[in-house]
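# Tertiary structure, described
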Amino acid sequence: LTPFSASEEMRSTWQGKAGRSPLQALYESDQFEQSSLQAVHQQRREMLSNVCSRYTRKRRLLRPDDLRHLVVDDAHGLLYCYVPKVACTNWKRVMMVLTGQGKYQDPLEIPAHEAHVPSNLRTLSEYSVPEINSRLRSYLKFVFVREPFERLVSAYRNKFTLSYNTAFHKRYGTKIIRRHRREPSERALERGDDVRFEEFVYYLLDPRTQQEEPFNEHWERVHSLCHPCIIHYDVVGKYETLAEDANYILQLVGADTSVKFPASSKTTRTTDDMTAQFFQDISPFYQRRLFNLYKMDYLLFNYSIPSYLRIR
């Protein structure tokens, strides 16, 4: 496949039927007052653009493999880059409602596991090069992000502390324990179901890890999954303002008013205080190295260095 024109794409904005971007069209309409939310999203785009221009010296071309996380909704002209551990199950449910031609009505009626079945949603990598370029130029593109270490701890808790995630225990847990635990028991080597957070950090920082294969999507950096310095995102939603940002996007694309983003009801969600507890036992040396690993996500999406880190 021919690479896609990054420079052309960077100049692109979502074009509506009248040739205006949806943001312009919305600002001119009566349905949406000029709001602080619009200003917030403008600031996020500007921050992203400034950081990209500062840190990205040479812009490379997109490859088909870079587009596997971009879910396509041709009916509403929408591209969504999904990031695991940032409400991506609920966003995939919503995308199934939007693209389902009436098959689905309520996102919460769709079982979580069904939202992750690859054949239920099309990704941009499945299209031809001309179709890809056309959609990158003309569709509304959005991504949701989260405080990087909070997302990382959420991934660790979900994949390594829950008994039902045996596939992750076998696939990653056994390797982590073998390499990063002194004198592991036979049981731990076989099952891989008791990985400590400290061991997980050592695994992420081990040069062999990324030499052997890319990071799993649950702990891969957002800039590596969604390429925000190559793909010009119209909306950068944040987990911290999930409900408002989700509603804003659904209004932007003119989704049916019956389509609602599911309200969060989880009481087990990873918080800043919980994340701080996980980092208590990580030495300042490894805290700094881990921060440097995720530094671009902190910069691109304007998250400050966590106060609990001892790296100053």
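Residues numbered from 1 in each chain as written. Predicted model: local features only at pLDDT ≥ 70, side-chain atom pairs only at ≥ 80, totals over all residues. Heavy atoms only, no water.

In the nomenclature of an unreviewed UniProt entry, the chain is known as Carbohydrate sulfotransferase of Hypocryptadius cinnamomeus. Taken verbatim from the UniProt record of the chain, the Subcellular location (unreviewed entry) comment is "Golgi apparatus membrane". (UniProt positions renumbered as here; feature names shortened; annotations may be inferred.)

## Observations concerning the confidence of the model for the chain
When pLDDT is averaged along the chain, the result is 89; 88% of the residues meet or exceed 70. When the criterion is pLDDT under 50, residues 5-19 qualifies, and its contacts beyond four places in sequence or with other chains add up to 41 contacts. (pLDDT = per-residue confidence, 0-100. Contact = heavy atoms within 4.5 Å.)

## Things to note about the state of the cysteines
For the structure on display, the rule yields 2 disulfides. Sulfur-sulfur distance for the disulfide between Cys52 and Cys229 comes to 2.0 Å. On the sign convention where negative is left-handed, the bridge of Cys52 and Cys229, at about -85° about the S-S bond, is left-handed. Linking Cys52 in helix α3 (residues 36-55) with Cys229 in the loop between α12 (222-226) and β4 (235-238), this pair joins segments that are 177 residues apart in sequence. Each disulfide in the chain links cysteines that, numbered along the sequence, combine into the pattern 1-4, 2-3. (Disulfide = S-S within 2.5 Å. Helix = DSSP H or I, 4+ residues; strand = E, 2+ residues; numbered from the N terminus.)

## A closer look at the layout of surface pockets
Put simply, the second largest pocket is a space of about 580 Å³. Arg60, Asp66, Ser224, Leu225 and His227 are, among the 24 residues lining the second largest pocket, the residues nearest its centre. The set of elements that each furnish at least two residues to the lining of the second largest pocket consists of α12 and α16 (295-300). Here the lining of the second largest pocket gets 3 residues from one element, more than from any other, and that element is α12. In terms of domain composition, the lining of the second largest pocket takes at least three residues from each of domain 1 (22-147 + 221-253) and domain 2 (149-218 + 270-297). (1 Å grid on protein atoms, 1.4 Å probe; cavity = no way out; pocket = protein on both sides within 12 Å on 5 of 7 lines; lining within 4 Å. Points joined across faces, edges and corners; volume = space filled by probe spheres on them. Domains from an automatic or database assignment.)

## Here's the deal with empty space enclosed by the protein
Using a probe with the size of a water molecule, rolled over the atoms, empty space left in the structure can be pinpointed. Inspection of the entire model under this criterion finds 1 cavity of 30 Å³ or more. There is about 30 Å³ of room inside the largest cavity. Every residue lining the largest cavity is listed: Arg146, Pro148, Arg151, Val222, Asp297, Phe301 and Tyr303. Across the lining of the largest cavity, the residue classes break down as 4 nonpolar, no polar and 3 charged. (Nonpolar A, V, L, I, M, F, W, Y, C, P; charged D, E, K, R; others polar.)

## Looking at the side chain of Glu199
You can see Glu199 is positioned in helix α10 (residues 197-205). Residues within four places of Glu199 in sequence aside, it is in contact with Ile176, Ile177, His180, Arg181 and Asp194.

## Quick look at the packing of helix α7 (residues 148-160) against helix α14 (residues 272-279)
Remark: α7 packs on α14, axes separated minimally by 9 Å, with the N-to-C direction vectors making an angle of 75°. If you check the angle between α7 and α14, you find them roughly perpendicular. Between α7, through Phe149, Glu150, Val153, Tyr156 and Arg157, and α14, the contact on the second element is made entirely by Asp272, Met274, Thr275, Phe278 and Phe279. Residue classes in the contact of α7 with α14 are distributed as 6 nonpolar, 1 polar and 3 charged. (Axes fitted to C-alpha atoms, helices over the stretch in contact; angles between N-to-C directions. Parallel < 35°, antiparallel > 145°, perpendicular 65-115°, else oblique.)

## Description of the pattern of salt bridges
Inspection of the entire model under this criterion finds 20 salt bridges. Residues Arg63 and Asp66 are paired through a salt bridge, measuring 4.0 Å at the closest nitrogen-oxygen approach. By relative accessible area, which is 8% here, Asp66 ends up buried. Close ionic contact of Arg68 with Asp65 constitutes a salt bridge, the shortest N to O distance being 2.8 Å. For Arg68, a relative accessible area of 44% corresponds to the partly exposed category. Taken together, the salt bridges that share partners define one network made up of Arg171, Lys175, Arg179, Glu212 and Glu213. (Salt bridge = Lys/Arg side-chain N within 4 Å of Asp/Glu carboxyl O. Buried < 20%, exposed > 50% of the residue type's maximum accessible area, 1.4 Å probe, protein only.)

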